[in-house]
Every structure is written in structure tokens, then in C-alpha cells.
Amino acid sequence: MKRALNFNAGPTALPEAVLKIAEKEWLNYKGTGMNVMEMSHRSKPYEEINTQAQALLRKLLNISDDYEILFLQGGASLQFTMLPMNLLEEGKKGYYALTGSWSEKALKEAKKIGDAEVVASGKDNNYTTIPKLTDLDSLENGSYLHITSNNTIYGTQWNDIPSNLNLPLVADMSSDILCRPIDVNSYGLIYAGAQKNLGPSGVTVVILKKDLLERSKDSLPSMLDYRTHAKNDSLYNTPPTLAVYLLKLVLEWADSIGGAEALETMNKQKAALLYNEIDESNGFYSGHAEVSSRSLMNVTFTLNSKELTDAFLSEAKELGFTGLNGHRSVGGCRASIYNAVPLEHVEKLAQFMKDFRTR
Ligand SMILES: *Cc1c(COP(=O)(O)O)cnc(C)c1O
């Protein structure tokens, strides 16, 4: 059977090695006679999966004991709400850098909870660049500063994160977590839906500094209070067991191939193949993102006319490439090349882009 050349924006490709292990363990997980989906989340084998997934993430991102790792439900979108509910303090502000549709949504939800303000925005430039954050000293009376580390729809990514802040930095890393090493100590909280770089949809990873838990108030609904999940090792209620199991397998795979450093090397190599083709095409393909803000994960580009774009996409589809349509809000083309997308698939796409252009 031929696997798709999968460039979906999310959910998207999982490592084939992971799917094969899951297939092998499908009917009988480690001698239990059950699929992971069929066992109690209070059982020993499941508790091990939960613990191992946490430990692997801690290792891969070098997360210190000052941080909790939570596996939650509701997607990154629920974090747009849970974050201000827990961290936005009375009489203080949540500051937001707008770099695309996801940060706009995060801001919109925060405003429903409390006082949220935009500190920088790339909107006037149609989100082609990551805006410069200046005057960070003037971020007075803030509870946190929120950024979206990679902008899935526009194809831009933060390369230099704000530093020397006097308030916690919060990042939505849904579309680039584990694409490269990061210094977790620079952040107060990181959240990411798993379905782009970490596994299937259904589980959302939250990494948060333990001292920030003090901000949560007893009036919060239990399920929306980070303390509930921290205290109970993300086993307060029934977790998405199958998703956490697959997350664990993806993290084992990432570890086995060399972790965040190795992934960064591969991701840079993959991204360069596509950006080089765009740059060498003399405007046949034009990239949406400015060079300094280009994403390693989502390569966005357009062709000169709608007819050409349509022809490109339909030929690509015939050849087995999937998911190359740009997001409905921006159009054009987008190749999402997350961790699990093999180099060979990106080579094939770069070759196709070149062939199409030459013809
Ligand atoms: C995909 C995505 C989301 C939405 O995640 P859900 O899990 O569907 O809520 C949020 N932020 C970013 C940056 C994304 O790429």
C-alpha cells in the first residue's frame, strides 16, 4: 500500500514507525489482552503510559522540576480561555502579540475573561512578518505576555523570543513544539494541541511553572483549574487514553532519532528545499512570509494567477500530494512539513515544484 505524501496542516502525518508499533500492539498491549482504549485509566499499564509520556517530554524539552506537565482536553482553543481564567490577575492585563488568526482568537477569548491588550501586531502587514516587540519595559501591570510561536496559517515563526521580561511569557506552540530545542525556563506557560507535532488530536500539552499555580482561584470550575490536573497527574477525570498512548509513542520515536536537536537539523533541511525552490523561481512562486520570519513548519506561497494555482494544486493532487491548499482565509498554497513528514516526501514536492515551473 502506498502512503500519502501528506502535507496536511493538522491533524497530519504521524511517523510510520509509530503507526506500526500501534498496529502491532492494537489487540494486545504488552500482554494485557486489551487495546489501550479498552483498559482502565487507573490501571497500572495506563499509569505507566501517562508517566512515561511525561518523562519523555521532560527529557526531550529539558523541562526542569519547577514545571508541571499536564495532558488536557479541549484543544489549544480551550487554553485560550483557561490561560486567562487561571493566570490573569485582578486589576492586571494580559498582553498579546498578534501574529495571525490563532493569536487573534486567543485575544478574543481573553477579553471575555478580563483585561487583555495588544502590544504588537503584524496585521497591517497581512501577517507576513513577526512584529518587533519594543518598549517591553512599558508592559506595566501585566499578568503575562502571550505569543503564538508559529503561525500555522501565515507560515511565520518567532525566531527571537522576547527576553528580559518582568512578566511570564506564554506561548501557543501548537504548530511548532519540539521542532527545535527551546529554553523552557524562558516561559511561564507553554501549550500545544498534539495534532501537529506530537501525535493525534484529543490531547493538549500544557507546561507551566509551578509557582504560577498560586494565581488560580478556588471559584474556578474544577475542570478549568490547572491545579486540579496538576494535583492529580492529569488523571482527575478520564483522560484521552488512546491519544496519550500515541503521544508517548511519538515521543519515543523523537527520542530514538536524536531528540530536538536532530529534529531541528531535519526540519531546517526540509524547509530549505522548499524555500530554495521559491527563491530560485524568479517570482514564479512567491512566499507569503518575509525571509526573516519564515516558518520551519508551514511553507506558504502563491503562484501568479488563480488559474496557475489551481493547475498546480490539481496536478499535485493527481501525483499523491495531499493538503497543499492554503488555509481558506488566505488562499494559495501551504506545505506543512511537521516533524513526522519524511525528508523524501519534501524532496518529491520540491522536485514537483521545479518540474511544474520549468514546464
Ligand atoms: C491548530 C492550532 C490551534 C487550534 O488547536 P485546536 O486543538 O484545534 O484547538 C491553535 N493554535 C495554533 C497555533 C494552531 O496551529
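- In the annotation of an unreviewed UniProt entry, the entry for the chain reads Phosphoserine aminotransferase, and the organism field reads Mesobacillus persicus.
- According to the UniProt record, the Function (unreviewed entry) comment for the chain reads "Catalyzes the reversible conversion of 3-phosphohydroxypyruvate to phosphoserine and of 3-hydroxy-2-oxo-4-phosphonooxybutanoate to phosphohydroxythreonine."
- According to the UniProt record, the Subunit (unreviewed entry) comment for the chain is "Homodimer."

**What to know about the UniProt feature "binding site: L-glutamate" (unreviewed entry) in the chain**
(1) Moving on: UniProt records the feature "binding site: L-glutamate" (unreviewed entry) at Arg42, using the numbering of this structure.
(2) Moving on: With respect to the element layout, Arg42 can be found in the loop between helix H1 (16–24) and helix H2 (44–60).
(3) Moving on: Among residues more than four places away in sequence, those in contact with Arg42 are Glu47, Leu235 and Tyr236.

**Comments concerning a negative patch on the surface**
(1) Moving on: A cluster of acidic side chains, namely Asp65, Asp66, Asp211 and Glu214, defines a negative patch on the protein surface.
(2) Moving on: Topologically, Glu214 is positioned in the loop between strand E10 (204–209) and helix H5 (226–231).
(3) Moving on: Note on Glu214: relative accessible area 69%, which makes it exposed.

**Quick notes on the UniProt feature "binding site: pyridoxal 5'-phosphate" (unreviewed entry) in the chain**
(1) Moving on: The UniProt record marks Ala76, Ser77, Trp102, Thr152, Asp172, Gln195, Asn237 and Thr238 with the feature "binding site: pyridoxal 5'-phosphate" (unreviewed entry), using the residue numbering of this structure. What stands out for the annotated residues spanning 163 residues is how far apart their C-alpha atoms range, the widest pair being 30.8 Å apart.
(2) Moving on: Setting aside anything within four residues of it in sequence, one finds Trp102 in contact with Ser77, Phe80, Thr148, Thr152, Ile153 and Asp172.
(3) Moving on: The residues touching Gln195, leaving out its near neighbours within four places in the chain, are Gly10, Pro11, Thr12, Pro200 and Ser201.

**A short note on the pattern of salt bridges**
(1) Moving on: Tallying each qualifying case throughout the model produces 16 salt bridges.
(2) Moving on: Ionic pairing is found between Lys268 and Glu264, a salt bridge with its closest N-O pair at 3.6 Å. Of this pair, Lys268 and Glu264 both sit in helix H7 (residues 259–280), 4 residues apart, which is roughly one turn of that helix.
(3) Moving on: Measuring nitrogen to oxygen at the nearest pair gives 2.7 Å for the salt bridge that ties Lys306 to Asp310. Here Asp310 and Lys306 lie together in helix H8 (residues 306–318), a separation of 4 residues that amounts to about one turn.

**Things to note about the pairing of strand E8 (residues 169–172)**
One face of the sheet, then the other: side chains in a regular strand alternate in exactly this way.
(1) Moving on: Residues Leu169 and Ala171 point to one face of E8 and Val170 and Asp172 to the other, with burial holding for every one of them.
(2) Moving on: As paired elements, strand E5 (residues 142–148) and E8 share 4 bridges and run parallel to each other. Bridge pairing links Thr148 to Asp172 in E8.
(3) Moving on: For E8 and strand E9 (residues 189–193), the ladder comprises 3 bridges, and the chain directions are parallel. Looking at the pairing, Val170 lines up with Leu189 of E9.

**Comments concerning the site of the ligand**
(1) Moving on: Near the ligand you find 13 residues, and of these Ser77, Thr152, Asp172, Gln195 and Lys196 are the closest.
(2) Moving on: The contact in question runs from an oxygen atom of the ligand to an N or O atom on the side chain of Thr152, over 2.5 Å.
(3) Moving on: Relative to its free-state accessible area of 390 Å², the ligand is covered by the protein chains to the extent of 86%.
(4) Moving on: A total of 4 residues in the shell around the ligand trace back to one element, the largest contributor, which is helix H3 (residues 75–87).
(5) Moving on: Across the shell around the ligand, the residue classes break down as 3 nonpolar, 8 polar and 2 charged.

**Considering the packing of aromatic side chains**
(1) Moving on: Tallied over the entire structure, the rule returns 15 aromatic pairs.
(2) Moving on: Considering the side-chain rings of Phe80 and Tyr191, the 6.2 Å spacing of their centres and the 70 degrees angle between planes classify their relative orientation as edge-to-face. Residue Phe80 is found in helix H3, and its partner Tyr191 is found in strand E9; the two are separated by 111 residues along the sequence.
(3) Moving on: Tyr191 sits in the buried class, given a relative accessible area of 0%.

About the cut-offs
- Residues numbered from 1 in each chain as written.
- Predicted model: local features only at pLDDT ≥ 70, side-chain atom pairs only at ≥ 80, totals over all residues.
- Heavy atoms only, no water.
- UniProt positions renumbered as here; feature names shortened; annotations may be inferred.
- Helix = DSSP H or I, 4+ residues; strand = E, 2+ residues; numbered from the N terminus.
- Contact = heavy atoms within 4.5 Å.
- Patch = residues over 30% accessible without salt bridge, like charges linked within 9 Å, V, L, I, M, F, W, Y side chains within 5 Å.
- Areas by Shrake-Rupley, 256 points an atom, 1.4 Å probe, with all protein chains shown as cover.
- Salt bridge = Lys/Arg side-chain N within 4 Å of Asp/Glu carboxyl O.
- Lys, Arg positive; Asp, Glu negative; His and termini not counted.
- Charge placed at Lys NZ, Arg CZ, Asp CG, Glu CD.
- Buried < 20%, exposed > 50% of the residue type's maximum accessible area, 1.4 Å probe, protein only.
- Pairing = 2+ DSSP bridges.
- Near = heavy atom within 4 Å.
- Polar contact = N/O pair within 3.5 Å; in protein donor to acceptor, adjacent residues only side chain to side chain.
- Nonpolar A, V, L, I, M, F, W, Y, C, P; charged D, E, K, R; others polar.
- Phe/Tyr/Trp six-rings, centres within 6.5 Å; stacked < 30°, edge-to-face > 60°.

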